[in-house]
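# Architecture and fold: a report
Here is how the chains run, residue by residue.
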Amino acid sequence: MTYWDQKTETIERAALEALQLKRLQAIVRRVARKVPFYQRKLADCGVQPRDIRSLADLRRLPFTTNTDLRDTYPTGLLAIPSEDVLRLHTSSGTTGKPKALFFSRRDVDNAAELMARCLVMTGVTHRDVLQNMMTYGLFTGALVMHYGAEKVGCLVIPAGPGNSEKQLLLMQDFRTTVIHVTPSYALYLADFMEKKGVDPRRDLALRKAFVGAESYTEETRRKIEQALGIDVYNSYGLSEMNGPGIAFECEHKCGMHIWEDNFLIEIIDPRTGEPLPDGQTGELVLTALCREAMPLLRYRTRDITSIIPGPCSCGRTHRRLHRMTGRSDDMLIVRGVNIYPQQIERVLMSLPSVGRNYQIVLEGLDEMTINVELAEAGFDGHVEHLTRLQSEIVDRLRAEILTKPKVHLVPPGTLPVSEGKAKRVIDNRSL
Ligand code: ADP
Ligand code: ZN
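Residues numbered from 1 in each chain as written. Chains lettered and ligands numbered in written order. Predicted model: local features only at pLDDT ≥ 70, side-chain atom pairs only at ≥ 80, totals over all residues. Heavy atoms only, no water.

Looking now at the coordination of the zinc ion (ligand 2). Under ideal tetrahedral coordination, the four donors around a metal are separated by 109.5 degrees; under ideal octahedral coordination, the six donors are separated by 90 or 180 degrees. The zinc ion (ligand 2) binds to the protein through Cys250 (SG), His257 (NE2), Cys312 (SG) and Cys314 (SG); the donor distances cover 2.1 to 2.3 Å. Bound by four donor atoms, the zinc ion (ligand 2) shows angles of 99 to 115° at the metal and therefore tetrahedral coordination geometry. Mapped onto the sequence, the donors of the zinc ion (ligand 2) take the spacing C-x6-H-x54-C-x1-C. With histidine 257 in strand β9 (residues 256–258) and cysteine 314 in the loop between β13 (307–308) and β14 (320–321), the pair connects residues that are 57 residues apart, well separated along the chain. When sorted by exposure, histidine 257 lands in the same class as cysteine 314, which is buried. (Donors = N, O, S within 2.8 Å, 3.2 Å for Na, K, Ca; no water. Tetrahedral: all angles 85-135°; square planar, octahedral: opposite > 155°, others 65-115°. Helix = DSSP H or I, 4+ residues; strand = E, 2+ residues; numbered from the N terminus. Buried < 20%, exposed > 50% of the residue type's maximum accessible area, 1.4 Å probe, protein only.)

Below, the discussion takes up the packing of aromatic side chains. In the structure shown here, the tally under the stated rule is four aromatic pairs. Considering the side-chain rings of tyrosine 185 and tyrosine 188, the 5.9 Å spacing of their centres and the 25° angle between planes classify their relative orientation as stacked. One end of the pair, tyrosine 185, and the other, tyrosine 188, are both in helix α8 (residues 183–196), three residues apart, so they sit about a helical turn from each other. On the basis of an interplanar angle of 70° and a centroid distance of 5.0 Å, the ring pair of phenylalanine 210 and phenylalanine 248 is categorised as edge-to-face. A residue pair is termed long-range when its members are at least 10 positions apart, and phenylalanine 210 in strand β6 (residues 208–212) and phenylalanine 248 in strand β8 (residues 243–249) qualify at 38 residues. Using a relative accessible area of 0% as the deciding quantity, one classes phenylalanine 210 as buried. (Phe/Tyr/Trp six-rings, centres within 6.5 Å; stacked < 30°, edge-to-face > 60°.)

A separate point is the nonpolar core. For soluble globular proteins, the rule of thumb is that nonpolar side chains tend to be buried together. Grouped together as the largest cluster of nonpolar side chains are 70 residues, with contacts concentrated most on Leu24, Phe210, Met241 and Leu286. Here the element with the most residues in this core is helix α5 (residues 105–121); it accounts for nine residues. (Core = buried A, V, L, I, M, F, W, Y, C linked by side-chain atoms within 4.5 Å.)

Let us look at the sheet that holds strand β19 (residues 367–374). Across the sheet, four strands lie side by side as β20-β19-β18-β21; this open sheet has mixed pairing. The two strands at the open ends of the sheet, each matched to only one other strand, are β20 (406–410) and β21 (425–429). With strand direction ignored, the average angle separating the axes of adjacent strands in the sheet is 20°. Here strand β18 (residues 354–364) runs beside β19; their pairing, made up of seven bridges, is antiparallel. Among the inter-strand pairings, valine 361 is bridged to a residue of β19, identified as threonine 369. Helix-sheet contacts for helix α11 (residues 341–349) involve β18, β19 and β21, and the interaxial angle to β18 is about 140°. (Pairing = 2+ DSSP bridges. Axes fitted to C-alpha atoms, helices over the stretch in contact; angles between N-to-C directions. Contact = heavy atoms within 4.5 Å.)

With that settled, the discussion passes to the domain arrangement of the protein chain. What the domain assignment lists for the protein chain is domain 1 (1–328) and domain 2 (332–427). For domain 1 and domain 2, the distance between their C-alpha centres works out to 29 Å. Each partner contributes to the interface: domain 1 provides 30 residues, whereas domain 2 provides 20 residues. Summed over both partners, the interface of domain 1 with domain 2 buries about 2100 Å², with 50% contributed by carbon and sulfur atoms. Taken as a group, Asp191, Glu219 and Lys223 account for 24% of the area that domain 1 buries against domain 2, more than any other trio of residues on that side. One can count two salt bridges joining domain 1 with domain 2. The shortest N-O distance in the salt bridge between glutamate 194 and arginine 356 comes to 3.5 Å. Our count for the domain 1 to domain 2 interface comes out at eleven residue pairs in polar contact (both at pLDDT 80 or more). At the level of elements, α8, α10 (218–228) and β15 (326–327) are the ones that each hand at least two residues to the side of domain 1 that touches domain 2. Looking at the side of domain 1 that touches domain 2 element by element, the count peaks at seven residues for α8. Split by residue class, the side of domain 1 that touches domain 2 holds ten nonpolar, 13 polar and seven charged. (Domains from an automatic or database assignment. Buried area = accessible area lost by both parts, 1.4 Å probe. Salt bridge = Lys/Arg side-chain N within 4 Å of Asp/Glu carboxyl O. Polar contact = N/O pair within 3.5 Å; in protein donor to acceptor, adjacent residues only side chain to side chain. Nonpolar A, V, L, I, M, F, W, Y, C, P; charged D, E, K, R; others polar.)

Packing of α5 against helix α6 (residues 140–152) leaves a shortest axis separation of 7 Å and a crossing angle of 65°. Judged by the angle between their axes, α5 and α6 are roughly perpendicular. As α5 packs across α6, the resulting crossing turns out to be right-handed. Of the residues in α6, those in contact with Val108, Asp109, Ala111, Ala112, Glu113, Met115, Ala116, Leu119 and Val120 of α5 are Val144, Met145, Tyr147, Gly148, Ala149, Lys151 and Val152. By residue class, the composition of the contact of α5 with α6 is twelve nonpolar, one polar and three charged. (Parallel < 35°, antiparallel > 145°, perpendicular 65-115°, else oblique. Left-handed = near helix turned anticlockwise from the far one by under 90°.)

Written out as structure tokens, the structure is:
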């Protein structure tokens, strides 16, 4: 079994907690000196840096929210002189206008270092060829992976997303072994190969995919694994905390180890802000312990997950996060019922006759229609006679989401595919 940084990855919990406390104290001292926004916030909470005496004192600190990042745009949260900033990223803006995120030299290197831990954790070595299909640019997704994979010594192909013809050519010509990809594009690519008569098991050297940037279900993971004949590892990150590489699955694929020497984790009840114990589901809150340019205290990610209690057999002592079940702001309220798009995805992706793309359309006064692509295999060019399948999908969805949607079956490959993060929900309701 190999580690990138064995000492840190297998550090004893007591030593880890001592390190966390030291780093937390240092970061609170620093933002209290350098960031007027935090000076005000700490004063509002009546907390001074010297009040942080144990990790439990974390709870005395203020939350930082998405809105705080937008309100302080562009430089209000910068904690170093602007001439020491090495790189600017913005969040991809899935929800609202962008946020500016700064990296110092140390931050850039540290993000790559954590990414390297993640890659080696799944068995990647310098012999691997990694084709990076995330968007290069302001989005952190591609660059942080790129630097991390270079650190490990992989051959990195900066392909970016889309242009499937070219992706396939690169994969064939350079014997790509690992891809970094969104779940929606991975599914699309699998379809594309099928259409081109490419059998990935026979014709490609592909062994693994790192899949993240948007939420997806276990059913989708299995679908990608089966279609491409590979192992899919869940990869979680957010630009506010480096980008990818903050939580990643090890070879056991049973939850994502989050690097606790760099991040303090809390799970809270999103309505009350109260902390929840390990094992309970709530909103993930992260405190960046090592970020230099823009350290955030108790950042409310809005991502819904839980901490998996107990150790992992890989020997890493950093706790694991359960697959995200969505974002708190993803939740749809349809006819008074709370629905997460993931619930719908779980049902659809468990049915073999369903293809790899779907869309949820809300219109009028809470009319929900789900457009469902059929699988390529077994499709005879007609959808009209598939009434049995259609009612089976309606019944299964009703059992899961407790409201009856309209289901509209469409031929494979007819729904729009996005190059970056998928846009699955179209909400045209007149409120
Ligand atoms: P945004 O989407 O907010 O513009 P980012 O590009 O930083 O900004 O995306 C980070 C977000 O993407 C996370 O907060 C989370 O909602 C989502 N995300 C990333 N990886 C995963 C994953 N593996 N599973 C579920 N959601 C993910
Ligand atoms: Zn593990």
